[in-house]
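What follows is each chain in one-letter form.
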Amino acid sequence: MLYGKIVRSPLAHARIVSIDTSEAEKAPGFKAVVVHKQPGTEVLFQGDEVVGIAADTEERSYDIARLVRVRYEALPHFANVEQAMAPNAPRVFAMGNTRDGNREETGDLEAGFKQAAHVVEQTYSTHVITHACLETHGTVCEWDGEKLTAWVSTQGVHASAQQYADGLKIPQANVRVITQYMGGGFGSKTNVGAEGLICARLAQQAKAPVKLMLDRKEEHLAVGNRPSATAHIRAGVSADGKLVAFDGQSWGTGGAGATSNFPLPYIYNFPNRRRTHKDVYINAGLQRAMRAPGHPQGCFLTEILMDELADRVRMDPVAFRVKNLPDKPPAQTWEDWREYFAIGAKAFGWDKRHQTGDAQSGPIKTGMGCATHRWGGGGRGSRAHVDITSDGGVVLKCGTQDLGTGTRTIVTMGVAETLGLPVTAVKAEIGDTLYPFSGASGGSTTAAGVMPAVRMTTGKALDALFAKVGPALSVDPNTLVATNGRIQVQGNPAKGMAWKDACKLIGTEPISVDGEWVDGLSGNGTSGVQFTECDVDIETGVVKIRRILTVQDCGMVVDKLLAESQVYGGIIGSLNFALFEDRILDRNTAQMVNPNMEWYLMAGMSDVPKIDIILVDSPAQRARGVIGIGEPPTVSTSAAIANAVRNATGATVRSLPLHPHKILQAIEQEKAGGTQ
Amino acid sequence: MKAFVYVNPTSEKDAVAALKTDGVAMPLGGGQDLLARMKDYVTQPDRIVNIKNALDTTITAAPDGGLKIGAAVKIVDLAANAQVRRLYPALLDAAGLVGTPQIRNQGTVGGNLNQRPRCWYFRNEEFVCFKKGGSRCFAVDGENQYHAIFGNEGPSHIVHPSSLAVPAVAYGARFRVVGPSGEREIAAAEYFTLPTLQNVLKENVLADDELLTHVILPPPGNVKTGHYEVRYKQSRDWPLAFTTVVLGMNGNTIRSARVVLGAVAPVPWRSEDAERALVGKPLNAETAAAAGEAAVKAAKPLSGNAYKIQITKAAVKRAVMRAAGLQTV
């Protein structure tokens, strides 16, 4: 196997003048070269792909890549939205430096503000973070004649095959994509990307398999991020605590040409509202979907505002939120959602929350905050195949993939439970385009997509087995059930046989059935409420989270341990968004100064508090069917933390991350006359 | 990573000899710093000289009542040493806070003292700064939130990365250095250098063909000490600012004071302003607060790091409170 490496632009914006690969080609170990961007074309961000090379060892691939001589003509660039939005900014992007998005307007804004007893007008913002998957993006590509097999770190094997076929202009039937296990995607791995295509071309040229994995720096620079979001908001509340008006102008950057929109206002009912959004382009890597795209931004921007408004009318933040939830539910769980606030507040001890600003003496101030979130989830279209063989073997085949969420486990459980067998009796084969189609894992759609397909297909296979067992037992197959490793007449264990014996009736031709997702076993629409308590050291600006509690629904819980694991991961990710992660570009060169795991901060063990999860597992939720839970828990933690910091210090930090410099600054401003 | 020759000497003398080469030779301790720089193409030596089998790995009592610490002592061993705990508790605290358990298990005392700056401009090859032979410091008008607030005359505005250097200076340590022409001892306070256009490629006076072999600590005398580090993240993070204070006591009155600040200047930064605020005063919370205020009087922050003044103030106050045996928060 050979090793691929990509030569990337060190500059934020430049025209490629020339590419000279001659020295690289003479180097020991050189195997192949692919020019990805031709001279004359532009690179739009640091890390933009220019050339791929392959070498016989990974070490040599790094050294040989550096022998490729690319000459650039530097062009004007933007390192941040302020530069791109400056009135005299040069035109850097052919499509314009900004793009106006849709304008949304409901009700009568002027009339709304007339009803307002208090108006808050502030600017709120969130920053850019990268997906920072522990396993970087990468691929192994191997050609056999016209046929390509690609082992890809991807969230969608079938989608990847289509992208390879499109990108390489080969028939889709000639592409097989395999993803047995992968180490995190969070939305950044739904496209094989330039790195995937370069790897395939290198393998084709070298006539040997090529492995191309990005390093940490490339991962930060080039394969996705969560766009920034800023909004200037004017919002009004009536004397009795009803939201009456919202006027927001927002903008954000998804990098060199990508969008940045997000929901605003988030969740709460402003009957009279107007909102405009503008995409701003800067010379940085393009955004990709990131765990609940748009929601963490919209949630933070709105939820800080909510606490500011609640203070104006002297209402408890929970009561204020419940009072202003929309009349029409976004999902059938609406009534539950109001209840979640009550359940969570009680379990958390919200009644012990003090008013804004901890009055205790000493430098450590403690505070509580809350925030809420929603997500769609749901999924459809998955297919599956089940084989039952005469030796009692059961194999499920489904072209879904396991991102580390436990998809392999839940599909196995689904088959086993349907057949009344232990999970050890079922083999689940997933992550391969040879298996029936399943969609990419994005938007919390996997569980809801695959579980109905698994259930229906397995049920169909079981019916085929019943059809053989019924005559053998001289009973109507419709009276049979599969339970505890036996096929038996319902309620009559004596009238039955062991699974192994039943399968012996199958004979040489196995039971082999295909099935697919049907409506009715899955749903969509999830909601949750989160509470946090934190300590803020007002002499150093350092925040320490003490505990987090969430109430979260997700329809029918397939496996409690895995569902909770998703919630832990989502909450810790959001804690990182609130406190630590930050893609920092040098303001002058637009080159990233922290493309590593040293200065791109992420929580370690000591930074993660106790997290309590109240997973709603009621009969009503079970009746809704399976709904994914990947996205929702990562939406509101950061907003709840920011509100807890505000409650602790009495000072409002209106932008993430909550770095000590902002907290100290807000405390200073508060002392000097207020941040309200 | 550029290919290199690996040399594994087993004596001081052989190690010094191994540093002599036509190309660039560099000593290798735990490798946390050097190997990462090599992987990032920031540093490209032709020869690496492993010093872990060549230099002293022990901590021994000196006849005068002080301690002699070998440069090849692992930080984890320093942080667990009973004599260090008894005589130099601030050094013990600093050692225990270095990096992570893995880094402390791998890293050496010599490596910690001689590590290169963590400045993100220095660490990324795109930025050819003064420290890489270039002609500018990108931090001045760039992203300088973690850079210096003292000693900012330039040309470089790094903060010195060593946690052990700060208590070493505060305790009045001397460093033993060997080279081709023999050995010499240098006071820790003289070892680290403020940048000039002439010396900016280095952070200390150690010549390319010299090795730091020992940290020699004088007997501490009747002192009370305190060490306080402020980190944003509690797991694996560089301190935003930290301080060691060593107070010579006469009853409850402070007779003499050493206040050394870390992560705020290109060298371990001795704050004479804070020392003056302490000497002659009773050791109590009020004095601690006054020392904190005094410590930052002369700070000259860059465009984006004035917040470090408040953090430094808190670190000094709390280090003094620790010396006084008071609760810090």
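Residues numbered from 1 in each chain as written. Chains lettered and ligands numbered in written order. Predicted model: local features only at pLDDT ≥ 70, side-chain atom pairs only at ≥ 80, totals over all residues.

Topic: the overall build of chain A
Right, on to step 1. Helix and strand content of chain A: 17 helices and 28 strands.
Right, on to step 2. Relative to the globule expectation of 26 Å for 676 residues, the C-alpha radius of gyration of chain A, 28 Å, shows essentially globular dimensions.
Right, on to step 3. Counting every position in chain A, which comprises 676 residues, the buried fraction comes to 57%.
Right, on to step 4. Across chain A, contacts joining residues at least 24 apart in sequence account for 79% of those joining residues at least 6 apart. (Helix = DSSP H or I, 4+ residues; strand = E, 2+ residues; numbered from the N terminus. Rg over C-alpha atoms; globule rule 2.2 N^0.38 Å. Buried ≥ 20, exposed ≤ 12 C-beta atoms within 10 Å, placed from the backbone. Contact = placed C-beta atoms within 7 Å.)

Notes on the overall build of chain B
Right, on to step 1. Counting secondary structure elements, chain B contains 13 helices and twelve strands.
Right, on to step 2. In terms of C-alpha radius of gyration, chain B reaches 19 Å, essentially the compact-globule figure of 20 Å for 329 residues.
Right, on to step 3. Here chain B, with 329 residues, has 53% of them falling under the buried criterion.

Overview of the interface of chain A and chain B
Right, on to step 1. Listed per partner, the contact involves 30 residues of chain A and 23 residues of chain B.
Right, on to step 2. Where the side of chain A that touches chain B is concerned, the elements lending two or more residues are α2 (58–65) and α17 (660–671) of chain A.
Right, on to step 3. For the side of chain A that touches chain B, the leading source of residues is α17 of chain A, giving four residues.
Right, on to step 4. The residue makeup of the side of chain A that touches chain B, split by class, is 14 nonpolar, ten polar and six charged. (Nonpolar A, V, L, I, M, F, W, Y, C, P; charged D, E, K, R; others polar.)

Quick look at the nonpolar core
Right, on to step 1. By size, the foremost hydrophobic cluster in this structure holds 299 residues, and its most contacted members are I53, V210, I641, V645 and L658 of chain A together with V264 and A291 of chain B.
Right, on to step 2. Residue contributions to this core peak at twelve residues, all from helix α12 (residues 446–473) of chain A.
Right, on to step 3. If we ignore the near neighbours within four places in the chain, the residues touching V264 of chain B are A148, I149, F150, V159, A241, W269, K308 and T312 of chain B. (Core = buried A, V, L, I, M, F, W, Y, C linked by C-beta atoms within 7 Å.)

Quick look at the sheet that holds strand β5 (residues 67–70) of chain B
Residue and element names in this part refer to chain B.
Right, on to step 1. Overall, antiparallel pairing links the five strands, which are arranged β4-β5-β8-β6-β7 in an open sheet. Each end of this open sheet is capped by a strand with a single partner; those strands are β4 (59–61) and β7 (182–187). Strand-to-strand twist in this sheet, taken as the mean axis angle between neighbours without regard to direction, amounts to 25°.
Right, on to step 2. Pairing of β4 with β5 involves three bridges; the strand directions are antiparallel. Bridging from a neighbouring strand, A61 pairs with L67 of β5. (Pairing = 2+ DSSP bridges. Axes fitted to C-alpha atoms, helices over the stretch in contact; angles between N-to-C directions.)

Notes on the environment of K365 of chain A
Residues and elements named next belong to chain A.
Right, on to step 1. Among the secondary structure elements, K365 is positioned in strand β18 (residues 364–375).
Right, on to step 2. Residues K365 and I538 lie 173 residues apart in sequence; the distance between their C-alpha atoms is 7.1 Å.
Right, on to step 3. In this view, K365 contacts D358, Q360, V536, I538, A648 and T649; residues no more than four positions away in its chain are not counted.

Concerning the environment of G304 of chain B
Residue and element names in this part refer to chain B.
Right, on to step 1. By the secondary structure assignment, G304 is in the loop between α12 (285–295) and α13 (307–323).
Right, on to step 2. Residues G304 and G142, 162 residues apart in the sequence, show an inter-C-alpha distance of 8.5 Å.
Right, on to step 3. When sequence neighbours within four positions are dropped, the list of residues in contact with G304 reads E143, N144 and Q145.

Considering the sheet that holds strand β25 (residues 511–516) of chain A
Residue and element names in this part refer to chain A.
Right, on to step 1. On the basis of which strands lie adjacent, the open sheet formed by four strands has the order β21-β20-β19-β25 and mixed pairing. This sheet does not close on itself; its edge strands, each paired only once, are β21 (426–430) and β25. Along the sheet, successive strands turn relative to each other by an average axial angle of 15°, direction set aside.
Right, on to step 2. Across four bridges, strand β19 (residues 383–388) lies against strand β20 (residues 394–398) in antiparallel orientation. Counted as the bridge partner of D387 is V395 from β20.
Right, on to step 3. Helix-sheet contacts for α12 involve β19, β20 and β25, and the interaxial angle to β25 is about 145°.

Some thoughts on the domain arrangement of chain A
All names here are of chain A.
Right, on to step 1. We note that the domain assignment places domain 1 (1–75), domain 2 (225–377 + 523–671) and domain 3 (383–516) within chain A.
Right, on to step 2. A C-alpha centroid distance of 41 Å is found between domain 2 and domain 3.
Right, on to step 3. At the junction of the two partners, domain 2 supplies 16 residues and domain 3 supplies 13 residues.
Right, on to step 4. The biggest single contributor to the side of domain 2 that touches domain 3 is helix α14 (residues 560–579), with three residues.
Right, on to step 5. When grouped by side-chain class, the residues that make up the side of domain 2 that touches domain 3 number seven nonpolar, seven polar and two charged. (Domains from an automatic or database assignment.)

Side note on the confidence of the model for chain B
Do not read the fine detail of predicted coordinates wherever pLDDT is low.
Right, on to step 1. This prediction gives chain B a mean pLDDT of 97; 100% of its residues lie at or above 70.
Right, on to step 2. Note on the complex model: pTM 0.97, ipTM 0.97. (pLDDT = per-residue confidence, 0-100.)

Points about the pairing of strand β28 (residues 610–616) of chain A
All names here are of chain A.
Right, on to step 1. Looking at chain direction, strand β27 (residues 542–553) and β28 are connected through seven bridges and run parallel. Bridge pairing in β28 links D553 to V616.
Right, on to step 2. In this region the chain leaves β27, passes through α14 and returns to the parallel neighbour β28; the handedness of that crossover is right-handed. (Right-handed = clockwise from strand over helix to strand, strands pointing away.)

Re α13 of chain B
Right, on to step 1. Look at α13 of chain B: 25 Å from first C-alpha to last across 17 residues, which is about the 24 Å you get at 1.5 Å a residue.
Right, on to step 2. Backbone geometry just after α13 of chain B places G325 of chain B at a positive phi near 75°. (Expected span 1.5 Å × (residues − 1).)

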